[in-house]
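Here is what each chain is made of, one letter per residue.
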Amino acid sequence: MSAAEFIPDHPSLKRLREAAAGCRGCPLWQGPIQTVFGEGPATARVMLVGEVPGDREDREGRPFVGPAGRELDRALEAAGIERGDVYLTNVVKHFKFEERGKRRIHQTPKKGEIDACLPWLDTEIKLVRPEALVTLGATAAKALLGSSFRLTQHRGELLDTEWAPIVTATIHPSAILRNRDEDARRAAREALADDLRVVVRELSG
Ligand code: SF4
């Protein structure tokens, strides 16, 4: 199974979003509240691609609105990018989690789930045709840049791929929150903003 059979024949972002709400392309639709589709202008020059929506995103039906989203907002602001100008989305559109008591703990999607969901992202990219595409985190990087891609070795580099004229990979903003130490958090924040500044430089170059 895959999302491919749910993609409308003549897709627009609106039609795509509506169709994704009813996707049954993999078993992940069964647990969470809703599909969390990408959002942002169809004319966005920059597309950011994360891994999977989190708890807050699932409740609100919007990408990057939880704690990691706040970190992303800080990094975008530091890099001089308006969030409203960016198209934000995820490789997988349904929250994957494990229940521990009342909490829903994020789980990394499996390759089969990522492959099943990719037709949505592929169509989003074709419709938006961003000048710059940034993958956030190892899962998004591997999904778009290949399973052998090593984020630790290539983050912030300009990559030659078919997805967009400017492509780079950086950490997922949730990685900042995993640092217990405030100095380490600050350094991780600055490094994320630096990677986004690479895109700003290229766009204005
Ligand atoms: S995770 Fe993706 S492929 Fe799976 S049901 Fe949700 S939208 Fe469809």
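Whatever comes next refers back to the structure up there.
Each chain has its residues counted from 1, running along the sequence as written. Note on the predicted model: pLDDT of at least 70 is required for a residue's local features to be given, and 80 or more for side-chain atom pairs to be given and counted; whole-chain, interface and lining totals, by contrast, use all residues. The side-chain values count all of the structure's non-hydrogen atoms but skip hydrogen atoms and water molecules.

### A word on the packing of aromatic side chains
Any two of the Phe, Tyr and Trp rings considered here, Trp counted by its six-membered ring, make a pair once their centres fall within 6.5 Å; the pair's planes then place it as stacked at under 30 degrees, edge-to-face at over 60, or tilted in between. The final tally for this structure, using the stated rule, is 2 aromatic pairs. Measuring from centroid to centroid gives 6.1 Å for F37 and W120, while their planes differ by 90°, and the two rings are edge-to-face. Pair noted here: F37 is in the loop between α1 (13-20) and β1 (46-50) and W120 is in helix α4 (residues 111-128), with a separation of 83 residues, a long-range link. For the pair F37 and W120, one class covers both residues: buried. Here, a charge over a ring means that NZ of Lys or CZ of Arg falls within 6 Å of the ring centre while also lying within 35 degrees of the ring normal. It is K93 that lies over the ring of F37; its NZ or CZ is 5.4 Å from the centre. Each helix is a run of H or I in the DSSP string that is no shorter than four residues. Each strand is a run of E no shorter than two, and both are numbered from the N terminus. A 1.4 Å probe rolled over the protein chains alone gives each residue an accessible area, and that area as a share of the maximum for its type sets the label: buried under 20%, exposed over 50%, partly exposed in between.

### Side note on α4
To estimate the expected span of a helix, count its residues, drop one, and scale the result by 1.5 Å. Here α4 spans 25 Å end to end across 18 residues, near enough to the 26 Å set by a 1.5 Å rise per residue. Think of it this way: the bend at a residue is just the angle between two axes, each fitted to seven residues, one set ending at that residue and the other starting at it. The largest bend in α4 comes to about 40°, at C117, with the proline P119 one to four residues further on. Taken residue by residue, α4 has E113, I114, A116, C117, L118, P119, W120, L121, T123, E124, I125 and V128 as its buried positions. Residues of α4 that are buried make contact with α1, β1, β2 (86-90), β5 (132-136) and α5 (138-145). With its phi angle positive at about 45°, R129 sits one or two positions after the end of α4. Residues count as neighbours in contact if any of their non-hydrogen atoms are within 4.5 Å of one another.

### Some remarks on the packing of α1 against α4
Here the axes come from fitting lines to C-alpha atoms, over the contacting stretch only for helices, and the angles between their N-to-C directions go from 0 to 180 degrees. At a minimum axis separation of 10 Å, α1 and α4 run at an interaxial angle of 170°. Judged on the interaxial angle alone, α4 and α1 are roughly antiparallel. Read as a crossing pair, α1 and α4 show a hand that is left-handed. Residues L13, L16, A19 and A20 of α1 form the contact with α4, whose participating residues are W120, T123, E124, L127 and V128. Residues are sorted three ways: Asp, Glu, Lys and Arg are charged, Ala, Val, Leu, Ile, Met, Phe, Trp, Tyr, Cys and Pro are nonpolar, and all the rest, Gly among them, are polar. Split by residue class, the contact of α1 with α4 holds 7 nonpolar, 1 polar and 1 charged. If an angle is under 35 degrees, it is roughly parallel; if it is over 145, roughly antiparallel; if it lies from 65 to 115, roughly perpendicular; otherwise it is oblique. Two helices that cross are described as forming a left-handed crossing if the nearer one is turned anticlockwise from the farther one by less than a right angle, and a right-handed crossing if clockwise.

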